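Here are the chains, one letter per residue:
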Amino acid sequence: MLRLRVLASGSGGNCSLLTVGAGHRTRAVLIDAGLSPRRTRRMLVESGVRPDQVVAILITHFDRDHFHPGWANADLAHTRVWCHEQHDPPSLFPGRDRPVLRTFSGCFEPAGPVRATPVRLAHDAEGVTAFRLDTDDSALGFATDLGRVTPELLSVFGGVGALAIESNYCPRMQLESARPEFLKARIMSGRGHLSNDEAALAARAIGAGTVVLLHLSRQCNTPELARAGHRGRVIVSSQHEPTEWLTVEPARAMSAAEMIA
Ligand SMILES: [Zn+2]
C-alpha cells in the first residue's frame, strides 16, 4: 500500500512524501524537493521516516519551488533523482557523479514495487511532468503546476484511488488581485497554473476516491474556495503544515460510459 503525506505545497516550496511497505522494509519516495535538504530531513523524521529510506526523488520540473538548490550538494548516497529526459539539467549537479540523476521518457520503477507512468504537460517554457504511481494494491495520480488538463492526463489517471492535483487560484480573486497583468495572463494562459474549477472538473472526470488539493495561491485562493467544487473526501495541503497521512486506495475499473465522458 502506498501512503501519501504532503509535507508542504505552494510557491514557497513543494515536497510530498510517499511510503511503501512497513517497518524496517519501508521505502520512501519524494515528489519534488522544493524544501531545503535540512528542513526535508527534519520533516521526514517527524513523519516517522528515516532519510536513508528515501530511495527516489521524482522531480515534476526544476522551478525553484520544486527543486531547492541545496539538493545539488546534498548527500544522496541512497537516493536517485529522477527527471524527464527533456529536463535533464547537467548544471544542477556540478562535479557530481551522474549516477545520482536518472532520466525517463516512458514508464519506470523508482522503488521496488512502485511503477511510475509519466505524463508531460504544458507549464511555462520547459513543461512539467505528472505521475501516476501504482503498486498492486494502490494507485495515485499526482499533477501540479500544469497549464491545463489534457485528454491524455484524464485517460492515464482514470480510476486512480487518490488524486493529488493543483488547485491554484480562484479566477475572480486572480482578476481582482493587484498582480501585474502580464503575471495574471501567464498564470491563466493554459501554460501556467490550474484554477479551482479546472481542478474540480478533472477530479470529477477521474473519479478518484480521495482528492488532495495542491499548490493553493496565497493571494488568490482560500482552502474553502478550493474545496467547494468537490464531492467526497478532500484534503487541502498547505505551505506551512504537513497533511495527515493518506492510505492510497486501489485503482477501480472505469465503466465504458465514464471512459467516453
Ligand atoms: Zn510551483
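Note that the coordinates shown come from a computational prediction; the quantities given were computed from them, not determined experimentally.

How each quantity is defined
Residues numbered from 1 in each chain as written. Predicted model: local features only at pLDDT ≥ 70, side-chain atom pairs only at ≥ 80, totals over all residues. Heavy atoms only, no water. Donors = N, O, S within 2.8 Å, 3.2 Å for Na, K, Ca; no water. Helix = DSSP H or I, 4+ residues; strand = E, 2+ residues; numbered from the N terminus. Buried < 20%, exposed > 50% of the residue type's maximum accessible area, 1.4 Å probe, protein only. Disulfide = S-S within 2.5 Å. Pairing = 2+ DSSP bridges. Contact = heavy atoms within 4.5 Å. Axes fitted to C-alpha atoms, helices over the stretch in contact; angles between N-to-C directions.

## A look at the coordination of the zinc ion
Only Asp65 (OD), His66 (NE2), Asp145 (OD) and His215 (NE2) from the protein reach the zinc ion as donors, at distances of 2.2 to 2.3 Å. All donors of the zinc ion belong to a single chain; written as a sequence motif, their spacing is D-H-x78-D-x69-H. Placement of the pair is Asp65 in the loop between strand S4 (54–58) and strand S5 (80–84) and His215 in the loop between strand S12 (210–214) and helix H6 (223–228), with a sequence separation of 150 residues. Considered together, Asp65 and His215 belong to a single accessibility category, that of buried residues.

## Some details on unusual backbone geometry
One non-glycine residue, Asp145, lies in the positive phi region at around 55 degrees. Within the element layout of this structure, Asp145 appears in the loop between strand S10 (138–143) and helix H2 (151–157). Backbone geometry at His215 places phi at a positive 60 degrees, although glycine is not the residue there. Residue His215 is classed as buried on the basis of its relative accessible area of 3%.

## Re the state of the cysteines
Inspection of every chain in the model, using the stated rule, returns zero disulfides. With no disulfide of its own, Cys107 lies closest to Cys83 among cysteine sulfurs, the gap being 16 Å. Note on Cys170: no disulfide assigned, nearest cysteine sulfur contributed by Cys220 at a separation of 8.2 Å.

## Let's talk about the sheet that holds strand S2 (residues 15–20)
If you trace the seven strands from one edge of the open sheet to the other, you get S6-S5-S4-S3-S2-S1-S14, paired in mixed fashion. For this open sheet the edge positions go to strand S6 (101–104) and strand S14 (246–247), each flanked by a neighbour on one side alone. Judged from the six bridges that link them, strand S1 (residues 2–8) and S2 form a sheet pairing that is antiparallel. By the bridge assignment for S2, Val6 is matched with Ser16. Against the sheet, helix H1 (residues 37–46) makes contact with S1, S2, strand S3 (27–31) and S4, and its axis sits at roughly 135 degrees relative to S1, the strand it touches most.

## Considerations on the side chain of Ser167
Secondary-structure assignment places Ser167 in the loop between strand S11 (162–166) and helix H3 (171–176). Contacts of Ser167, omitting those with residues within four sequence positions, involve Leu194, Ser195, Asn196, Ala199, Leu213, Leu214, His215, Leu216, Asn221 and Ala226.

The values are spatial; any link to function lies outside them.
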